[in-house]
Amino acid sequence: MAVKELKVLICDDSMLIRKQMKESLEKLGVLKVFEAGDGDKAVSKYAETNPDVVFMDIVMPGKTGVDALKDIKSIDPAAKVVIVSSAGTKGNLKEAITAGAFDFVQKPIEEDVLLKMLEKAIKKA
């Protein structure tokens, strides 16, 4: 599988973050990028699109990223959910790893880090 064949879901309550990540993913060659603005939408969008990789913010209004991660893992235990977090969320990060997060990246995310996560997901496919 190549990067361009991946389906990627971005879940963040910040429209700006989603836009920046989508643009970066498209520069890297990803053709199918889906977006969700909160945890509830992420779970339903995951069920609808079955993406190969999810980039999930932890702190969001309503359902948190950790709760959405747990729901996604109950739908698909093999789901690859990368937790995207800003500083100061270490407690949440530990909970996310325990819940089955695939990996963790710090905001803001550079393109080379996105590419590493996508390549790692391809290797684990």
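Residues numbered from 1 in each chain as written. Predicted model: local features only at pLDDT ≥ 70, side-chain atom pairs only at ≥ 80, totals over all residues. Heavy atoms only, no water.

Structural notes on the side chain of Asp-12
Position of Asp-12 relative to the elements: it lies in the loop between strand E1 (7–11) and helix H1 (15–27). Since its relative accessible area comes to 2%, Asp-12 is described here as buried. With residues near it in sequence (within four places) discarded, Asp-12 still touches Ile-17, Arg-18, Ala-36, Gly-37, Asp-57, Met-60 and Lys-107. (Helix = DSSP H or I, 4+ residues; strand = E, 2+ residues; numbered from the N terminus. Buried < 20%, exposed > 50% of the residue type's maximum accessible area, 1.4 Å probe, protein only. Contact = heavy atoms within 4.5 Å.)

Brief notes about the side chain of Arg-18
Structurally, the position occupied by Arg-18 is in helix H1. A distance of 2.6 Å separates the side chain of Arg-18 from the backbone oxygen of Asp-12, its partner in a polar contact. In contact with Arg-18, other than residues within four places in its own chain, are Ile-10, Asp-12, Asp-13, Glu-35, Ala-36 and Gly-37. (Polar contact = N/O pair within 3.5 Å; in protein donor to acceptor, adjacent residues only side chain to side chain.)

Section: the sheet that holds E1
Taken in spatial order, the five strands make up an open sheet running E2-E1-E3-E4-E5, and their pairing is parallel. Every interior strand has two partners, whereas the edge strands, strand E2 (32–36) and strand E5 (103–106), have only one. Averaged over all neighbouring strand pairs, the angle between strand axes comes to 20 degrees, with direction disregarded. Pairing analysis gives five bridges linking E1 to E2, with the strands arranged parallel. By the bridge assignment, Lys-7 is partnered in E2 with Lys-32. Helix H3 (residues 65–75) contacts strand E3 (53–57) and strand E4 (81–85) of the sheet and is inclined by roughly 150 degrees relative to E3. Where helix H5 (residues 111–124) meets the sheet, its contacts fall on E1, E3, E4 and E5, and the angle it forms with E3 comes to roughly 135 degrees. (Pairing = 2+ DSSP bridges. Axes fitted to C-alpha atoms, helices over the stretch in contact; angles between N-to-C directions.)

Concerning unusual backbone geometry
Note: most peptide bonds trans; most residues except glycine with negative phi. Note that the residue after Lys-107, namely Pro-108, is joined by a cis bond; omega there is -10 degrees. Looking at the secondary structure, you find Pro-108 in the loop between E5 and H5.

Structural notes on the environment of Ala-78
Looking at the secondary structure, you find Ala-78 in the loop between H3 and E4. For Ala-78, a relative accessible area of 52% corresponds to the exposed category. Between the C-alpha atom of Ala-78 and that of Val-54, which follows or precedes it by 24 residues, the distance is 12 Å.

Notes on the packing of aromatic side chains
Inspection of every chain in the model, using the stated rule, returns zero aromatic pairs. Across from the ring centre of Phe-102, 5.1 Å away, lies the NZ or CZ of Lys-120, which sits over that ring. (Phe/Tyr/Trp six-rings, centres within 6.5 Å; stacked < 30°, edge-to-face > 60°. Lys NZ or Arg CZ within 6 Å of the ring centre and 35° of its normal.)

Geometric descriptors of this kind do not, in isolation, establish any biological role.
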